[in-house]
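# Structural description and commentary
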Amino acid sequence: MKATHIIGTSRPESTEKIEVANAYDLEHVATLSVADSETVSEAVEAASAAYREPFPTHERVSSLYSAADRVEAHAEEIALLLAREGSKTISEAQREPVRAAEILRMSAEVARTMSGQTLPFDARPGSESRVGYFVRRPLGVIACILPFNDPVALVAHKAGPALAAGNSVVMKPDPASSLSVLRMCEVMLEGEIPAGRLNVVTGGAATGQALVKHPDVRMISFTGGQKTGEKVSSLSGIKRLSLEMGSNSPVIVMPDARMEQAVQAISDGAFAQAGQNCLGVQRVFVHTSVYESFREAFVSKAGSLKAGHSMDSTVDVCQMIKRSEADRVKSHIDAAVQAGARVLTGGHQKDAVIEPTVMENVQTSASISCEEIYGPVVALYRFENLEEAVGRANDVDVGLHGAVFTESLRDAFYVIEHLEVGGVMVNDSTDYRLDTMPFGGTKNSGVGREGVQYAAEEMSETKVVCFNLG
Ligand code: NAD
């Protein structure tokens, strides 16, 4: 597939290129153009020009439905690109375009029902002669900066609500997963989305920076790491910001938990996408009375998973996105071991692949206990009472999702009330997301909420109308 930028109706290339290879077998996957600030400006201008054209609600709705149908029709092709270039097993990749099409349909429904509200202007004495309402207006050009993981679903989560609210979009995917984003957007544009409403520029940090700083961009919808999020905030100037960043999600296992269900869900939540998942389980707090039995079952489950190439349909845990990322995760494991942690299963690295790893005795100060590891690594901790477990789970500067396995309403509500996160899952792993629910984190995990309706609200602003009939 030829990789070009998507700018209105043109498909330009840049002279500067990035070569992308599959991290497992180093097979060459793509030659990407790197957009300089001039190319970024052309994309923003195309988006601004399209924004000035009418885009009535019925066209937004039919554009999004037609985009969803096109994505579904090309699901297998997009999934193959995703598994080849990125870090998802082929079966994980096959689920993503199907999910993306659903998100686009949800966005069409939001477009149809998005509205303002009448206001009780007579609420203030002397204001009885006034009547009025507010409407929701689009913001203009929205810059969407994507991470390498879940790129196809995230195109839908950003472009869907942005278009539903009447905006234009410029996407900047991560170089490691740009092919699937380009193909997804091209396929969406083969439907009814007007040219210029959806643009894509490829490149790395410099391309992202040029987009973030562009004065005609009204909002930045960023998903990625915390350090990059900080950089984006400091560079953006006065623009609306949505920041979806990472975490080191905690799960609490109480003595009355249904163990088989807990082991399965926590394993799925920890090791899917080789642990490169903002919602991935990283820290598991297990009540001391069931610690040994949970540990035995969980270690056996993790040890049974097959690690290998993303294109092998029998593989459960594939290569990480880059060899350097696997080196980084291995160094966190080694540092924890040096400080006294024990590896219960896994712990080995073969090139870009890290075996599913379970550890215990990990010190509170170790990076595995307090940073986002973003790899297939889980730490088990023993606790005596729930207050202590919640306190330790909260003792980090991030909080996206948290989870508890229990049959007790009282304990579940204690966790719901006290865990410092954007979402609490009861009897499920932290890796659960309904695409219509408000999604986002507390602390350094993020600012704002995604989830189609909530994102569409953030991607629009109110405008008040007041008639004085006196
Ligand atoms: P990253 O921060 O390295 O890159 C994200 C994007 O930002 C890429 O497109 C990159 O090119 C771009 N970028 C880099 N420097 C930039 C700059 N100075 N200005 C503008 N753009 C810049 O993240 P990643 O490694 O691709 O993704 C992993 C991170 O994303 C993890 O922390 C993960 O938890 C997080 N994530 C969060 C969510 C969520 O919804 N909360 C979802 C997926 C991933």
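Conventions we followed
- Residues numbered from 1 in each chain as written.
- Predicted model: local features only at pLDDT ≥ 70, side-chain atom pairs only at ≥ 80, totals over all residues.
- Heavy atoms only, no water.
- Near = heavy atom within 4 Å.
- Polar contact = N/O pair within 3.5 Å; in protein donor to acceptor, adjacent residues only side chain to side chain.
- Areas by Shrake-Rupley, 256 points an atom, 1.4 Å probe, with all protein chains shown as cover.
- Helix = DSSP H or I, 4+ residues; strand = E, 2+ residues; numbered from the N terminus.
- Core = buried A, V, L, I, M, F, W, Y, C linked by side-chain atoms within 4.5 Å.
- Buried < 20%, exposed > 50% of the residue type's maximum accessible area, 1.4 Å probe, protein only.
- Contact = heavy atoms within 4.5 Å.
- Patch = residues over 30% accessible without salt bridge, like charges linked within 9 Å, V, L, I, M, F, W, Y side chains within 5 Å.
- Salt bridge = Lys/Arg side-chain N within 4 Å of Asp/Glu carboxyl O.
- Lys, Arg positive; Asp, Glu negative; His and termini not counted.
- Charge placed at Lys NZ, Arg CZ, Asp CG, Glu CD.
- Pairing = 2+ DSSP bridges.
- Axes fitted to C-alpha atoms, helices over the stretch in contact; angles between N-to-C directions.
- Parallel < 35°, antiparallel > 145°, perpendicular 65-115°, else oblique.
- Nonpolar A, V, L, I, M, F, W, Y, C, P; charged D, E, K, R; others polar.
- Right-handed = clockwise from strand over helix to strand, strands pointing away.
- Left-handed = near helix turned anticlockwise from the far one by under 90°.
- Phe/Tyr/Trp six-rings, centres within 6.5 Å; stacked < 30°, edge-to-face > 60°.
- Lys NZ or Arg CZ within 6 Å of the ring centre and 35° of its normal.

## Here we look at the site of the ligand
Around the ligand lies a shell of 28 residues, among which Leu146, Lys172, Gly225, Thr228 and Glu372 are the nearest. Contacts to the ligand include phenylalanine 148, whose backbone N or O atom sits 3.1 Å from an oxygen atom. The backbone of glycine 224 places a nitrogen or oxygen atom 3.2 Å from an oxygen atom of the ligand. Considered on its own, the ligand offers 850 Å² of accessible surface; in the complex 89% of this is hidden by protein. Where the shell around the ligand is concerned, the elements lending two or more residues are helix H7 (205-213), strand E8 (217-223) and helix H8 (226-235). Element by element, the count of residues in the shell around the ligand is highest for H7, at 4 residues.

## Overview of the nonpolar core
Counting 58 residues, the largest nonpolar core has Ile252 and Ile266 as the members making the most contacts within it. Excluding residues within four positions of it along the chain, isoleucine 266 makes contact with Val251, Val253, Val281, Val284, Phe294, Phe298, Phe405 and Ser429. Counting residues in each nonpolar core, the second largest holds 57 residues, with Cys144, Val169, Met184 and Val187 among its members.

## Looking at a negative patch on the surface
Residues Glu16, Asp36, Glu38, Glu42, Glu45 and Asp216 make up a contiguous surface patch of negative charge. Of note, glutamate 16 is situated in the segment before strand E1 (17-21). Here glutamate 16 falls in the exposed class, since its relative accessible area comes to 51%.

## Considerations on the sheet that holds strand E14 (residues 342-345)
Here 7 strands make up an open sheet; going across it, the order is E14-E17-E18-E11-E10-E20-E21 and the pairing mixed. The open sheet is flanked by E14 and strand E21 (423-426), the only strands paired with a single partner. Put simply, the sheet's adjacent strands are angled 25° from each other on average, direction ignored. One ladder, built from 3 bridges, connects E14 with strand E17 (residues 357-360); its direction is antiparallel.

## Topic: unusual backbone geometry
The phi dihedral of leucine 26 falls on the positive side, at around 60°, and the residue is not glycine. Mapped onto the elements, leucine 26 comes out in the loop between E1 and strand E2 (28-33). Judged by relative accessible area, which is 65%, leucine 26 ranks as exposed. Even without a glycine there, the phi angle at lysine 443 is positive, about 50°. Relative to the helices and strands, lysine 443 resides in strand E22 (residues 442-443).

## Overview of the packing of helix H4 (residues 90-113) against helix H5 (residues 151-164)
Where H4 contacts H5, the axes come no closer than 8 Å and their chain directions differ by 10°. As the angle between them shows, H4 and H5 are arranged roughly parallel. For the pair formed by H4 and H5, the contact residues are Glu96, Pro97, Arg99, Ala100, Ile103, Leu104, Ser107 and Ala111 on the first element and Pro151, Val152, Ala153, Ala156, His157, Gly160, Pro161 and Ala164 on the second. Here the contact of H4 with H5 is built from residues that sort into 11 nonpolar, 3 polar and 2 charged.

## Regarding a nonpolar patch on the surface
Taken together, the side chains of Val131, Tyr133, Phe467 and Leu469 define a hydrophobic patch exposed on the protein surface, amounting to about 380 Å² of accessible area. Its place among the elements puts phenylalanine 467 in strand E24 (residues 460-468). Under the relative-accessibility criterion, phenylalanine 467 is labelled partly exposed at 42%.

## Considering the pairing of strand E20 (residues 401-405)
Successive side chains on a regular strand alternate, one facing one side of the sheet and the next facing the other. Across the 5 residues of E20, 5 count as buried, placing the element largely inside the fold. The alternating pattern of E20 places His401, Ala403 and Phe405 on one face and Gly402 and Val404 on the opposite face, and all of these are buried. Sheet analysis places strand E10 (residues 249-253) next to E20, joined by 3 bridges and oriented parallel. Looking across to E20, one finds that isoleucine 252 is bridged to valine 404. Each parallel crossover has a hand, and for E20 linked through helix H14 (residues 409-418) to E21 it is right-handed.

## A word on the packing of helix H13 (residues 386-393) against H14
Interhelical geometry of H13 versus H14 gives an angle of 30° and a closest axis separation of 11 Å. On the basis of the axis angle, H13 is roughly parallel to H14. The crossing of H13 and H14 is right-handed. Of the residues in H14, those in contact with Leu386, Glu387 and Val390 of H13 are Asp411, Tyr414, Val415 and His418. Its residues placed into classes, the contact of H13 with H14 shows 4 nonpolar, 1 polar and 2 charged.

## Some thoughts on helix H3 (residues 75-85)
Where H3 is concerned, the buried positions are Ala75, Ile78, Ala79, Leu81, Leu82, Ala83 and Glu85. Among the structural elements, E2, helix H2 (57-73), H4, H5 and helix H6 (178-189) are those in contact with the buried residues of H3.

## Digging into the sheet that holds E8
Within the open sheet, the 6 strands sit side by side as E7-E6-E5-E8-E9-E23. Their pairing is mixed. Strand pairing shows two members of the sheet lacking a second neighbour, strand E7 (198-200) and strand E23 (446-447), which therefore form its edges. In the sheet, strand E5 (residues 141-145) pairs with E8 via 5 bridges, with the strands oriented parallel. Looking at the pairing, cysteine 144 lines up with serine 221 of E8. Where H7 meets the sheet, its contacts fall on E5, strand E6 (168-172) and E8, and the angle it forms with E6 comes to roughly 155°. Across the face of the sheet, H8 comes into contact with E8 and strand E9 (240-244) while running at roughly 175° to E9.

## Focus on the packing of aromatic side chains
Two measures describe an aromatic ring pair: the distance that separates the ring centres and the angle between the ring planes. For the structure on display, the rule yields 4 aromatic pairs. Seen in terms of ring centroids, phenylalanine 271 and phenylalanine 298 are 6.2 Å apart; in terms of plane orientation they differ by 25°. Their pairing is stacked. Pair noted here: phenylalanine 271 is in helix H9 (residues 259-271) and phenylalanine 298 is in helix H10 (residues 291-303), with a separation of 27 residues, a long-range link. By relative accessible area, which is 0% here, phenylalanine 298 ends up buried. Both rings, one in phenylalanine 294 and one in phenylalanine 298, keep their centres 5.4 Å apart while their planes meet at 15°; by these two values the pair is stacked. One end of the pair is phenylalanine 294 and the other is phenylalanine 298, both in helix H10 and 4 residues apart, which spans about a single turn. The same class applies to phenylalanine 294 as to phenylalanine 298, namely buried. Residue placement shows arginine 433 over the ring face of phenylalanine 439; its charged tip is 3.7 Å from the ring centre.

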